[in-house]
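# Coordinate analysis (summary)
As a plain string of letters, each chain reads:
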Amino acid sequence: MDILFAQIQADLRSNDALRQSGALLQALQQSAAGRDISVIAKSAVEEIVASPASAVSKKLAFDLIRSTRLTADLWETVCTGIRNDLDFPDPDVTAAAISILAAIPSYRLGKLINDCNKEISACFDSTSDNLRFSITETLGCILARDDLVTLCENNINLLDRVSNWWNRIAQNMLDKADAVSKVAFESISKLFQEFETKRMSRLAGDKLVDTENSVAIRSKWISSMVDFVWKKRNALMSRSLILPVESFRATIFPLVYAVKAVASGSIESIKKLSRSSNSKNNMTTDIGNTESFVGVSDVVSHLAPFLVSSLDPALIFEVGINMLYLADVPGGKPEWACVSIIAILTLWDRQEYSSARESIVRAVVTNLHLLDLSMQCSRGQKPVAGTDIASLFEDARIKDDLNSVTSKSLFREELVAMLVESCFQLSLPLPEQKSSGMESRVIGALAYGTGYGALNWTEPALEVVEVCRPCVKWDCDGRTYAIDCYLKLLVRLCHIYDTRGGVKRVKDGASQDQILNETRLQNLQRELVRDLHEVNTPRISARLLWAISEHIDLEGLDPLLADDPEDPLNIIVSNIHKVLFNIDSSASTTNRLQDVQAVLLCAQRLGSRNARAGQLLIKELEEFRSNPSADSVNKHQSRLILQRIKYVSSHPDDKWAGVGETRGDYPFSHHKLTVQFYDASAAQDRKLEGLIHKAVLELWRPDPNELTQLLTKGVDSSLIKVPPSAFTLSGSSDPCYVEGYHLADPNDGRITLHLKVLNLTEIELNRVDIRVGLSGGLYFMDGSPQAVRQLRDLNSQEPVLCSVTVGVSHFERCALWVQVLYYPFHGSGAPADYEGEYPDEDPQIMRQKKSLRPEMGEPVILRCQPYKIPLTELLLPHKISPVEYFRLWPSLPAIVECTGTYTYEGSGFKATAAQQYGESPFLSGLKSLSSKPFHKVCSHIIRTVAGFQLCYAAKTWYGGFVGMMIFGASEVSRNVDLGDETTTMICKFVVRASDASITKEIGSDLQGWMDDLTDGSIEYMPEDEVKEAAAERLRTSMERIALLKAARPQEVEHRALQAAVLQEWHVLCKDRRTKVN
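Description of the structure in this document. (Residues numbered from 1 in each chain as written. Predicted model: local features only at pLDDT ≥ 70, side-chain atom pairs only at ≥ 80, totals over all residues. Heavy atoms only, no water.)

### Brief notes about the overall build of the protein chain
Rules: The helix count covers DSSP runs of H or I at least four residues long, the strand count covers runs of E at least two residues long, and both are numbered beginning at the N terminus. Burial classification: accessible surface area is computed with a 1.4 Å probe over protein chains only, and a residue below 20% of its type maximum counts as buried, one above 50% as exposed, and the rest as partly exposed. In what follows, a contact means two residues having at least one pair of non-hydrogen atoms within 4.5 Å. Note on areas: these come from Shrake-Rupley sampling with a 1.4 Å probe, and a residue is covered only by the protein chains present in the view.
Each helix and strand counted, the protein chain has 44 helices and 17 strands in total. Residues classed as buried in the protein chain amount to 49% of the 1077 residues present. The contacts of the protein chain with a sequence gap of at least 6 include a subset with a gap of at least 24, amounting to 72%. Accessible surface for the protein chain amounts to roughly 51800 Å². Of this, 52% is attributable to carbon and sulfur atoms.

As structure tokens, then:
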């Protein structure tokens, strides 16, 4: 390998362009094979980048640089070579130099683009298409980055130059070259998407509170680009049509975003953020509704033909999603949404586009309100063809997938569940306070269309249950969540319209709409009854039987058809028989006990409210009791049900309390069942449910955007987070003081360590290197083992800031190890060894190379203490109800337990009594838990024994569930000072998790886990000490009991209890008087 590397370096030193390019290709192959090519990269920088070479060699050298790590000195050489190449006569060489700008480190980028401002700007005016393409592509990548926004925040000259470059990029969307035009569209699209997806902490370049200027800078660029696209929209649409069809997709989002921003008025909010509302260039404020609607219509007319004519799934999806984005602007038309949704739904069975299922589901549900036929009617409009929910499933392939019994795709289950959950969201009351974002758009449009009608949500819900009826026949490999959702909505509608009582009449006060809806539900029930024999699993059969029999109109059945096998009641009873006597292997593996219990409940309620049903079911239950397949519990339950049915049949005038009116409740949701079998299908159901609920909340009840909160509420304390406290990493006598704090970004799985370095010496340090190594689950984005930050010109007592961002691969304890290398003799002429000499080199060339390198001297290395990332930092609060929490707790497979102690002032009794006044020191050792990423599920304070129970829930960054219970019991401390009354709280921590790796990591350092939880307030107590303390307490208690019993036992116990009650009552009264006074 050394011979190969030596040959490559020899070829690089030659002046033959062919040999140089061949050597660089060989080096790239070695890099792709995972070998360290830093020696070759050094030669490539010095021989190719910093020297005249062909454009091909330059490009290959820059590719080599991107695949390896360079030292700060080599980056300086690269920057020098770039400056020289920007003035090179060959535009291809200049284009290659421009392309490497995106790889320049942040600390060096600002100075380089400042120094080369004129040369960079001149590239936009070049006659070379390749150079204009390179400058547009490279700056489009760089200028939207967080680090460049931060640089602009501190340099007004750089801000002006970057703003001017954005304008030049926008003008290049109309460039004569197709490649340049396409990449300009992509660059503007990237700017828009960065602004929409950034959070406040990311907008500020991962700074803490310094956010307003960064937001203002981005907003200024956005408003400028929106103004340009709006004014030039017709020219841009024309330019996009003459691009190659494969490039058209890149032109869609910039046009749609800008037109939507103007038509919806959001551009005004952006201008407020940019603090340029009084600018002379404010061209969009005077645009009227008519002009904005015409602009939107032009864009829709521009995009719509591609939904029909295009064969590219990606283009169809892009056009459809963006047309949906325009459908809700003022004056938007429902058919825009309908055409788009039908087009993208046809894509779901295409194998190459199966990964877009979530986006399709979101697009459908987001625009569900636009498809509501009753909303259009209530507005007085003529119903638009194809805008009801049934039209979503008119495509032949979609209809086939919906009616298929088995399907490998989860998409249809996701779609049915999402439509049903959206109907329930429509049924919720309107929010009391006005908020912006998607919530106000969806619910506001619905309210406008329905006139705040309380039951108008049932119109789209009826369409959903009619269209999705085939789902009861699905065989989903044991999954039931989607079908449960469907039956839950069906039961709710049957309860609302009281289908038990039949179809109401006009003389009873029913409206025509009510009569129509009740008729539709009655017909749907009869169709579901006929579908019972096609249901594939006993689980669904039992639940569908309950949903139908609970709400079917038995009195409306024709008595002349009592012996007809097609009579609905006969079909129901025959299917009850089928479930009761089903003893095949599939029934036992799918929890037959639950199915039998469901149909027995169904038989009780059905037989108790109809005489003929009671007679038929008495026969079935008698036969079931005598069958060997019935266990003792089922036999006993059948006997009780028979007694109830016989009692009701013999007392027809008595109202049976157990079978009153329907409640509209569906009792088979997973959290309502007392027995759960945790198989793979149940786990998939819960995962699907979590995804659906999260998506529904994001779509219908999203949290307010931080940018919106800034506009509506201003900058308040709830938005600006308190800066975390910095930790000192250097020693007390070190010549450089180093402290750091970290910021975590769970969404991207990253942690940024911010360091402050202070020169404590009296001399100026020309160069200081900060090296950062990693341990645990951390990694650098470029795959390198360590990071180096080179700091220059550190004056005495002046702090210098730098930062390092790392990724987190999994849930594990991790740390960043910092080394400080400073060069007290840098530039002083001290001798230094030069590495990289070759025996066959010319001595004169060697002397020249040595003269080009500054003399650094020997560095002084300071090893700082590691910066440890708390394990709790890798958790997120998980909101969960107490019922769901305690249902889930026993099923969590991994567990770890530990005990800790802390002391607090006062007795346990007084502390618990003061808990209601908020002044108790009872939980003083656990105060810091409120700032940790845990959701507090519930808490119980037990005053009688001075104890408590706390329950917390969290999830790791990677989805693993973590439940934690803390049990506390206090006792009087021993060996306390005179006059002080302190109590020791003994806490038992029980942690259960969904993955054994989580508890293994926690259990590897229990004291560290407690320190992370409580900031060092609790001391870990080993189990042997816990047992010894418990044995000592038991021995002392037994001695006291023996002494009491030796006296007069009953009287002593009675007086002790009486004294304890009186003491508690006295203290409570005294504390309450003190509080009131």
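### Focus on the pairing of strand E2 (residues 736–745)
Our working definition: At least two bridges found by DSSP between two strands is the condition for calling them paired.
In terms of burial, E2 is largely enclosed, as 7 of its 10 residues are buried. Pairing of strand E1 (residues 727–728) with E2, which is carried by 2 bridges, proceeds in the antiparallel orientation. For Phe727, the partnering residue across the bridge sits in E2 and is Gly740. Counted between consecutive antiparallel strands, the loop separating E2 from strand E3 (residues 750–759) contains 4 residues, among which Gly749 sits at a positive phi close to 65 degrees.

### Some remarks on a negative patch on the surface
What counts is decided by this rule: Two joining distances apply to patches: 9 Å for like charges and 5 Å for nonpolar side chains (Val, Leu, Ile, Met, Phe, Trp, Tyr), and every residue must have over 30% relative accessible area and no salt bridge. A pair is scored as a salt bridge if a Lys or Arg side-chain nitrogen falls within 4 Å of a carboxyl oxygen belonging to Asp or Glu. Under the convention used here, Asp and Glu are negative, Lys and Arg are positive, and both His and the chain ends fall outside the count. Every charge is mapped onto a representative atom, which is NZ of Lys, CZ of Arg, CG of Asp or CD of Glu.
Taken together, the side chains of Glu1019, Glu1023, Asp1024, Glu1025 and Glu1028 define an acidic patch exposed on the protein surface. The residue Glu1023 is located in helix H43 (residues 1023–1046) in this model. Exposure remark for Glu1023: the relative accessible area of 31% places this residue in the partly exposed category.

### Digging into helix H2 (residues 17–32)
Note that an α-helix has 3.6 residues per turn; residues three or four places apart therefore point the same way. Definition in use: How far a helix is expected to stretch is found by multiplying one less than its residue total by 1.5 Å. Throughout this description, a polar contact denotes any pair of N or O atoms lying within 3.5 Å of each other; where both atoms belong to protein, one of them has to be capable of donating a hydrogen while the other can accept it, and for residues adjacent in sequence the pair is counted only when both atoms sit in side chains.
With 16 residues, H2 extends 23 Å from end C-alpha to end C-alpha; this agrees with the ideal 22 Å at 1.5 Å per step. Inspection of H2 places Gln20, Ser21, Ala23, Leu24, Ala27, Gln30 and Ser31 among the buried residues, and these make up the whole buried set. Looking at the buried positions of H2, the neighbouring elements they touch are helix H1 (2–13), helix H3 (38–49) and helix H4 (55–66). For H2, the side-chain oxygen to backbone nitrogen distance between the N-cap and Leu18 is 3.0 Å, and the N-cap itself is Asp16.

### Quick notes on the environment of Thr728
Summarising the element assignment, Thr728 is placed in strand E1. Sequence spacing of Thr728 and Val738 is 10 residues, and the spatial spacing of their C-alpha atoms is 6.1 Å. In this structure, Thr728 is in contact with Tyr737, Val738, Glu739 and Gln865, ignoring residues within four places of it in sequence. At 3.2 Å, the side chain of Thr728 forms a polar contact with the side chain of Tyr737.

### Digging into the sheet that holds E3
Taken in spatial order, the 5 strands make up an open sheet running E1-E2-E3-E7-E5, and their pairing is antiparallel. Two strands close off the open sheet at either side, each with one partner strand: E1 and strand E5 (778–779). Two strands pair when backbone bridges link them, and E5 and strand E7 (residues 799–808) are joined in this way by 2 bridges, in the antiparallel orientation. Across the sheet, residue Tyr779 finds its bridge partner in E7, namely Gly807.

### Comments concerning the packing of helix H9 (residues 129–142) against helix H11 (residues 156–171)
In plain terms, the rule: Helix axes are fitted to C-alpha atoms over the stretch in contact, other axes to C-alpha atoms as well, and angles between N-to-C directions run from 0 to 180 degrees. In what follows, roughly perpendicular refers to angles from 65 to 115 degrees, roughly parallel to angles under 35, roughly antiparallel to angles over 145, and oblique to any angle outside these ranges. Two helices crossing with the near one rotated counterclockwise from the far one by less than a right angle form a left-handed crossing, whereas a clockwise rotation gives a right-handed crossing. Side-chain classes follow a simple rule in which Ala, Val, Leu, Ile, Met, Phe, Trp, Tyr, Cys and Pro form the nonpolar group, Asp, Glu, Lys and Arg form the charged group, and the remainder, Gly included, forms the polar group.
Put simply, H9 and H11 touch, their axes get as near as 10 Å, and they point 130 degrees apart. As judged from the angle between their axes, H9 and H11 are oblique. Note on packing geometry: the crossing formed by H9 with H11 is left-handed. Only Trp165, Trp166 and Ile169 of H11 make contact with H9, whose side of the interface consists of Thr136, Leu139 and Gly140. Its residues assigned to classes, the contact of H9 with H11 comprises 4 nonpolar, 2 polar and no charged.

### What about the nonpolar core?
Applicable threshold: Residues belong to a common nonpolar core when they are buried Ala, Val, Leu, Ile, Met, Phe, Trp, Tyr or Cys residues joined through side-chain atoms within 4.5 Å.
Ranked by size, the top nonpolar core spans 186 residues in total, and within it Trp166 and Leu489 carry the most contacts. What Leu489 contacts, discounting residues up to four positions off in sequence, is Val420, Cys423, Phe424, Trp457, Ala461, Val464 and Val465. Judged by nonpolar contacts, the second largest core, of 62 residues, contains Leu816, Trp957, Ala993 and Ile1018.

### With respect to unusual backbone geometry
Notably, Asp477 is not glycine yet its phi reads approximately 60 degrees, a positive angle. Turning to its location among the elements, Asp477 is positioned in the loop between helix H27 (458–467) and helix H28 (481–496). Although it is not a glycine, Asp498 adopts a positive phi angle of roughly 50 degrees. Relative to the helices and strands, Asp498 is located in the loop between H28 and helix H29 (512–531). Taking the relative accessible area as the measure of exposure, Asp498 reaches 30% and is therefore partly exposed.

### Here's the deal with the pattern of salt bridges
Note that side chains of opposite charge can pair when their charged atoms are close. This structure, assessed with the given rule, holds 31 salt bridges. Of the charged contacts in the structure, one is a salt bridge between Glu518 and Lys504, with a shortest N-O distance of 3.5 Å. Of this pair, Glu518 sits in helix H29 while Lys504 sits in the loop between H28 and H29, placing them 14 residues apart in sequence. Glu518 gets classed as buried once you look at its relative accessible area, which sits at 1%. The closest approach of N and O atoms between Glu897 and Lys988, which form a salt bridge, is 3.4 Å. Here Lys988 lies in strand E16 (residues 982–993) and Glu897 lies in strand E12 (residues 894–905), a separation of 91 residues in the sequence. By relative accessible area, Glu897 is classed as partly exposed at 40%. Residues joined by salt bridges that share partners form a network here, namely Arg469, Lys473, Glu527, Asp531 and Glu534.

### Considerations on helix H41 (residues 996–1003)
Keep this limit in mind: This arc describes the spread of directions from the helix axis toward the C-beta atoms.
Residues of H41 that are buried: Ile998, Thr999, Glu1001 and Ile1002. Looking straight down H41, one finds that the buried residues subtend no more than 160 degrees of arc, so they occupy a single side.

### Details of the packing of aromatic side chains
Selection criterion: Whether two aromatic rings pair depends on their centres lying within 6.5 Å, for rings of Phe, Tyr and Trp, where Trp uses its six-membered ring; planes under 30 degrees apart make the pair stacked, over 60 edge-to-face, and the rest tilted. Distance and angle both matter: a charge sits over a ring if NZ of Lys or CZ of Arg is within 6 Å of the ring centre and within 35 degrees of the ring normal.
One pass over the structure, following the stated rule, counts 10 aromatic pairs. A centroid spacing of 6.5 Å and a plane angle of 50 degrees characterise the contact between Tyr902 and Tyr904, whose relative ring orientation is tilted. The exposure class assigned to Tyr904 is buried, which follows from its relative accessible area of 3%. Three or more aromatic residues joined by ring pairs form one cluster here, namely Phe192, Phe253 and Tyr257. Over the ring of Trp230 we find Arg233; its NZ or CZ atom is 3.9 Å from the centre of that ring. Above the plane of the ring of Trp474 lies Arg412, whose end atom (NZ or CZ) is 4.2 Å from the centre.

### Structural notes on the environment of Asp90
With respect to the secondary-structure elements, Asp90 resides in the loop between helix H5 (72–85) and helix H6 (91–99). Along the backbone, Asp90 and Ser54 are 36 residues apart, and their C-alpha atoms lie at a distance of 9.0 Å.

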